[in-house]
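# Structure at a glance
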Amino acid sequence: MKPQYPYLFCPYCGSPLERRRTHEGRERAYCPRCERWIYENPVPAVAALVYRPGQGVLLVRRGVPPKEGEWALPSGFLELDESPEEAVLRELAEETGLTGVLRGLVAVASQPSRYYGRVVVIGYEIQADGGTPRAGDDAREVAFFVEPPPLAFEAHQILLDTFLQHLQHHEDL
Ligand SMILES: [Zn+2]
């Protein structure tokens, strides 16, 4: 799939890119000067699922576009020098002021993205173990929800629904 905003120039040498067909028949960006394919892959992100009995699930209200003002999971993109596990704890701390420990993988969800073509969101369950909830970074508000509102992102909604089903199942046992 060609992204809505494909790369126009080589990120290594700055030459205009061509769109060529690979031997598998897929159209891909190619730099004739570097003589190499330029891959456009989905971008990985992480999201935190934090639950407190009686208080519900932790959400942040977004303070920046896209979807400014809407609720989402604490989340963000991975940096090159960190693992997904490190990234999710960093994002949680930056956006909510809470520290935590990883409890496990909830699910992986993806959704189309205007700029990146597709974003893959890795959802982790985190046990918050310190700090006081306060909005930071690009979050406007932080709150726990027993009945969460619809989330800003399709992938976040899938992760939250999966997580709540797990909780429900656990409580039924
Ligand atoms: Zn190049």
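Residues numbered from 1 in each chain as written. Predicted model: local features only at pLDDT ≥ 70, side-chain atom pairs only at ≥ 80, totals over all residues. Heavy atoms only, no water.

## Some words on the overall build of the protein chain
This is how it is decided: Secondary structure is summarised from DSSP: a helix means a run of H or I of at least four residues, a strand means a run of E of at least two, and numbering begins at the N terminus for each. Should any heavy atoms of two residues lie within 4.5 Å, those residues are counted as being in contact. With residues, only the protein chains shown are counted as cover, and all accessible areas are computed by Shrake-Rupley using a 1.4 Å probe. Counted as positive: Lys and Arg. Counted as negative: Asp and Glu, with His and the chain ends omitted from the count. Charge placement uses NZ in Lys and CZ in Arg. For Asp and Glu, CG and CD serve respectively.
Scanning the protein chain from N- to C-terminus turns up two helices and 10 strands. The N-to-C order of helical and strand elements in the protein chain reads β-β-β-β-β-β-β-α-β-β-β-α. Considered along the principal axes of its C-alpha atoms, the protein chain spans approximately 60 × 35 × 25 Å. Taking all contacts inside the protein chain whose residues are at least 6 apart in sequence as the whole, residues at least 24 apart take part in 62%. Taken as a whole, the protein chain presents about 10,200 Å² of accessible surface, with 50% of it coming from carbon and sulfur. If the 18 positive side-chain charges of the protein chain are averaged to one point and the 25 negative ones to another, these points end up 9 Å apart.

## Concerning the domain arrangement of the protein chain
Threshold: Domain start and end points were adopted from an automatic or database domain assignment.
Looking at the protein chain, the domain boundaries give domain 1 (1–40) and domain 2 (43–172). One C-alpha centre belongs to domain 1, the other to domain 2, and the line joining them spans 33 Å.

## Brief notes about a negative patch on the surface
Put simply, the test is: To count toward a patch, a residue needs a relative accessible area over 30% and no salt bridge; like charges are then connected within 9 Å, while nonpolar side chains (Val, Leu, Ile, Met, Phe, Trp, Tyr) are connected within 5 Å. The term salt bridge refers to a side-chain nitrogen of Lys or Arg lying within 4 Å of a carboxyl oxygen of Asp or Glu. Only protein chains enter the calculation, and the probe is 1.4 Å; a residue is then buried if its accessible area is under 20% of its type maximum, exposed if over 50%, and partly exposed in between.
Together, Glu 79, Asp 81, Glu 85 and Glu 86 line one region of the surface with negative charge. For Asp 81, the location among the structural elements is in the loop between strand 7 (75–77) and helix 1 (84–96). A residue is classified by how much of its surface remains accessible, and Asp 81, at 69% relative accessible area, is exposed.

## Overview of the coordination of the zinc ion
Cut-off, in case you're wondering: Counted as coordinating are nitrogen, oxygen and sulfur atoms within 2.8 Å of the metal, or 3.2 Å for Na, K and Ca, while water is not included, which may make sites look incomplete. The geometry test gives tetrahedral to four donors whose angles all lie between 85 and 135 degrees, gives square planar to four donors and octahedral to six donors whose opposite members are over 155 degrees apart with all other angles between 65 and 115, and gives irregular to the rest.
Around the zinc ion, the protein supplies Cys 10 (SG), Cys 13 (SG), Cys 31 (SG) and Cys 34 (SG) as donor atoms, at distances of 2.2 to 2.3 Å. Relative to the metal, the four donor atoms surrounding the zinc ion lie at angles of 102 to 116°, and the coordination shape comes out tetrahedral. Counting the intervening residues between successive donors of the zinc ion yields the motif C-x2-C-x17-C-x2-C. One end of the pair, Cys 10, is in the segment before strand 1 (18–21); the other, Cys 31, is in strand 2 (residues 27–31), and 21 residues separate them in sequence. When its relative accessible area of 0% is taken as the criterion, Cys 31 is described as buried.

## Observations regarding the sheet that holds strand 1
Adjacent strands of a sheet form backbone hydrogen bonds with each other and so pair up, either parallel or antiparallel. Test applied: Two strands form a pair only when DSSP identifies at least two bridges running between them. Angles shown run from 0 to 180 degrees and are taken between the N-to-C directions of axes, each axis being a line fitted to C-alpha atoms and, for helices, limited to the stretch in contact.
Reading across from one edge, 1-2-3 is the order of the three strands in this open sheet, with antiparallel pairing throughout. The sheet is open, and its two edges are formed by strand 1 and strand 3 (36–38), each paired on a single side. Looking at each pair of strands side by side, their axes are set apart by 55° on average, direction ignored. Relative to strand 2, strand 1 is paired through four bridges, and the arrangement is antiparallel. From the neighbouring strand, Arg 21 faces strand 2, where its bridge partner is Glu 27.

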